[in-house]
Amino acid sequence: MAIPAPFSTALRAAAMLFFVVVVAACSRSSNDAVGLTGAGNLGPGGGAPGSQQEFIVTVGDRVFFTTDSSSLTSEAMATLDKQAAWLNQYQNYRVMIEGHADERGTREYNIALGARRASVVVNYLVSKGVNGQRITSQSFGKERPVAICNDISCWSQNRRAVTVVQ
Amino acid sequence: MTLLTRRSALKLGLAGGALLATSPMAMAQLRIVVEGANFQPLPIAIPDFASSDPTFGREIADIVRNNLRRSGLFLPLDPASLPVQAGDVNGTPDFNVWRTANVDALVMGSVERGGQISSSVRVWDTQQAAQVVGKSYNTDPNSARRIGHIVSDAIYEQLAGGTGYFDTRVIYTAESGPKANRTRRLAIMDQDGANVQYLTDGASMALTPRFSPNGDLVTYMNFADGNPQVYLLQLSSGRQQRLANVGAMTFAPRFSPDGGTVAFSVEQGGATNIYAVSTNGGQPAQLTSGAAIDTGPSYSPDGGRIVFESDRGGSPQIYMMGAGGGNAQRISFGQGSYSTPVWSPKGDLIAFTRQSGGQFHIGIMAPDGSGERLLYSSYHAEGPTWAPNGRVIMFFQDPGGNDGPRLMSVDIWGRNPQTIATESYASDPSWSGLRS
């Protein structure tokens, strides 16, 4: 199912743009929610220490999985280590772990796969000292992709678990 | 006003035999052989139905023509090309005229709209100069299209064997909006795509609606509570409620053949197992256990067994167990993965989604896993559901990218793939039984 490369690239660019806008919107609302700690503290686009923007941009709010897998890669574990450290430092936040799957599976199975991925992340964070009472999780299956195209460059971004600080 | 059900309409048809059975019946002479490599659809002439309102007569004939054409078993001839333009159910056709026009099968119908809608239909074998169908029906005045479907079923049953499937509905997930943030709500329509009604407002995502055998109750997956949960929705009243409070997430529901039980998946801590619970409530019974994903349960028509998918062996595959759980046996062994098994209403086949070679496929196999055949393949295709006669499968396919899913049907011989026109993207079809 080949779509012309320029079109595919444009789609990807559009998806990335959409993603950036979403992140911007989230960070704005996060600042509204917790209050700005002072514009002078902003790092190089990383957000103020302890802000949701810092969590998203500097810590990294998401980990990725390989096809039909819920095993954590070493890269994913490194990200979750940073997430755990940050959450242990800033105890005022609760987190929601969203589990997602790519579109290369059936709907019901992917709902279960998203839940399994979220569960793996929850267990890892708890093992790194984050209080399980602060964590909830939800599966979205394949219903909420962030990257839209018909090849692995998008699927690999959609196979994810996102830690949403609240 | 007496609302005549399908069954009483059929009885009326038999009682009305005095009206319509004046000619000798020619059984089994004009008959479609539905299987085989050399299959050819049966050309059939269907003039507009006689009516004091000719527009209405044409409308009903169009419903019949479209149904029979979409079945792939019939080839309705262009009505403008026919030697007679309007049906006549009272006289005997001039068979020589029809034979000269190369018409073997001729449908003569009439329809009138009064306190009720009444329709009579005769099907003639022009070579044998004999009547093969003669029936009359009444329905309530608000279901004009149903009379077209009921007549279509009568013609199909007589000429193609088995039971018909035109007087049925499909419940599905209507999808709209950008792919990254799509609205998904439940909708219901006639099997041919007409009479769409939306059942949920889209405020919370609703997925995988499934009909109960009685056609009034629906079970589906509702995201209103955060994680998806199984709900019951009664079509006649619009009332709905959550089915069970068990585990973190409940999904993938399907009714037992008697409608009294729903089998579904329960997720807890990343493990997904199959449970069953009475539609009247009570304690859910756990049917599978372990850390794997067990989902997509579907009952055999006798209620004795459940087919489901599990990744306990690595990739998702199809397994069979008793309806009480335990002793599951794997039945799918091809390359790739298998999911969404659905038992045919006749019990002879299981339809499924298979992923292999970078494609999705809709296929069928016997309940012991033998005789697998793939009927349709594309970038994405998923979620088969059976027509009540066990001969046609509906599913959804999505071309990917920012496009969206559409409903399609294909017959069990892999012939006649058709797109069902819907006003929005559509997925998760569930086919009702014949309406009562």
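Located above this text is the structure these notes cover.
Conventions adopted
- Residues numbered from 1 in each chain as written.
- Chains lettered and ligands numbered in written order.
- Predicted model: local features only at pLDDT ≥ 70, side-chain atom pairs only at ≥ 80, totals over all residues.
- Heavy atoms only, no water.
- Salt bridge = Lys/Arg side-chain N within 4 Å of Asp/Glu carboxyl O.
- Helix = DSSP H or I, 4+ residues; strand = E, 2+ residues; numbered from the N terminus.
- Buried < 20%, exposed > 50% of the residue type's maximum accessible area, 1.4 Å probe, protein only.
- Contact = heavy atoms within 4.5 Å.
- Buried area = accessible area lost by both parts, 1.4 Å probe.
- Nonpolar A, V, L, I, M, F, W, Y, C, P; charged D, E, K, R; others polar.
- Pairing = 2+ DSSP bridges.

1. A word on the pattern of salt bridges
Turning to step 1, where the next piece is worked out: Counted by the stated rule, this structure contains 24 salt bridges over all chains.
Turning to step 2, where the next piece is worked out: Arg65(B) is the partner of Asp48(B) in a salt bridge, and the nearest nitrogen-oxygen pair spans 2.9 Å. Separated by 17 residues along the polypeptide, Asp48(B) in the loop between strand E1 (42–45) and helix H3 (54–71) and Arg65(B) in helix H3 bring together distant segments of the chain. Per residue, the accessibility class of Asp48(B) equals that of Arg65(B), and both read buried.
Turning to step 3, where the next piece is worked out: Here the residues in one salt-bridge network are Arg107(A), Glu143(A), Glu175(B), Arg182(B), Arg184(B) and Asp428(B), joined through shared partners.

2. Observations concerning the interface of chain B and chain A
Bring the parts together and some accessible area is lost; that lost area is often taken as the interface size.
Turning to step 1, where the next piece is worked out: Facing the 48 residues of chain B at the interface are 28 residues of chain A.
Turning to step 2, where the next piece is worked out: Contact between chain B and chain A buries roughly 3000 Å² in total, counting both sides, with carbon and sulfur atoms accounting for 54%.
Turning to step 3, where the next piece is worked out: The largest per-residue losses of area from chain B upon contact with chain A belong to Ala180(B), Ile293(B) and Tyr379(B), which jointly make up 21% of the total buried on that side.
Turning to step 4, where the next piece is worked out: Inspection of the chain B/chain A interface yields 7 salt bridges.
Turning to step 5, where the next piece is worked out: For Lys179(B), the salt bridge goes to Glu103(A), with nearest N and O atoms at 3.1 Å.
Turning to step 6, where the next piece is worked out: Secondary structure elements with two or more residues in the side of chain B that touches chain A: strand E6 (169–176), strand E9 (206–211), strand E13 (249–255), strand E17 (294–299), strand E21 (337–343), strand E22 (350–356), strand E23 (359–365) and strand E29 (425–431) of chain B.
Turning to step 7, where the next piece is worked out: Broken down by class, the residue content of the side of chain B that touches chain A amounts to 17 nonpolar, 21 polar and 10 charged.

3. Some thoughts on the pairing of E23(B)
Residue and element names in this part refer to chain B.
Turning to step 1, where the next piece is worked out: Here E23 lies mainly inside the structure; 6 of its 7 residues are buried.
Turning to step 2, where the next piece is worked out: Here E22 runs beside E23; their pairing, made up of 7 bridges, is antiparallel. Bridge assignment links Thr353 to a residue of E23, and that residue is Ile362.
Turning to step 3, where the next piece is worked out: In textbook terms, the turn of a hairpin is the stretch between consecutive antiparallel strands, and for E22 and E23 this stretch comprises 2 residues, one of which, Gly357, has a positive phi near 60°.

4. Some thoughts on helix H2 (residues 52–60) of chain A
Turning to step 1, where the next piece is worked out: Most of H2(A) sits out of view: 7 of its 9 residues are buried.
Turning to step 2, where the next piece is worked out: Taken together, the buried positions of H2(A) are occupied by Gln52(A), Gln53(A), Glu54(A), Phe55(A), Ile56(A), Val59(A) and Gly60(A).

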